[in-house]
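Here are the chains, one letter per residue:
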Amino acid sequence: MRETATIRQLDAFIELARVQGFEIRYELLGGSGGGICRIKGKPCLFLDVSCGPAEQLEMIENCLQIKHP
């Protein structure tokens, strides 16, 4: 059940990144977690598909600097 909540939150943060103008890319990055960069001036968020939802969520929180109460 906890994994479902993690996936829902991950989906919400991915949508937040899209709304903020990020292109989302899903890549096999060997466990590095991903990150953000600019490609031709456009912000891009890479998510490592070799990581689980919890690791992806942590990475996107760090990249977008999302704070939890």
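Check the entry above for the structure.
Structural notes, computed from the coordinates. (Residues numbered from 1 in each chain as written. Predicted model: local features only at pLDDT ≥ 70, side-chain atom pairs only at ≥ 80, totals over all residues. Heavy atoms only, no water.)

## Looking at the sheet that holds strand β2 (residues 34-39)
Then, in step 1: Within the open sheet, the three strands sit side by side as β1-β3-β2. Their pairing is mixed. Where the open sheet ends on each side, the last strands, each with one partner, are β1 (23-27) and β2. Strand-to-strand, the axes of this sheet are offset by a mean angle of 25°, without reference to chain direction.
Then, in step 2: Strand direction decides the pairing type here: β2 and strand β3 (residues 42-48), joined by six bridges, are antiparallel. Its bridge partner lying in β3, Ile-36 is registered against Leu-45. (Pairing = 2+ DSSP bridges. Helix = DSSP H or I, 4+ residues; strand = E, 2+ residues; numbered from the N terminus. Axes fitted to C-alpha atoms, helices over the stretch in contact; angles between N-to-C directions.)

## Considerations on the side chain of Asp-48
Then, in step 1: Inspection of the secondary structure assignment puts Asp-48 in strand β3.
Then, in step 2: No salt bridge is formed by the buried Asp-48; its nearest oppositely charged neighbour, Arg-25, is found at 14 Å. (Buried < 20%, exposed > 50% of the residue type's maximum accessible area, 1.4 Å probe, protein only. Lys, Arg positive; Asp, Glu negative; His and termini not counted. Salt bridge = Lys/Arg side-chain N within 4 Å of Asp/Glu carboxyl O.)

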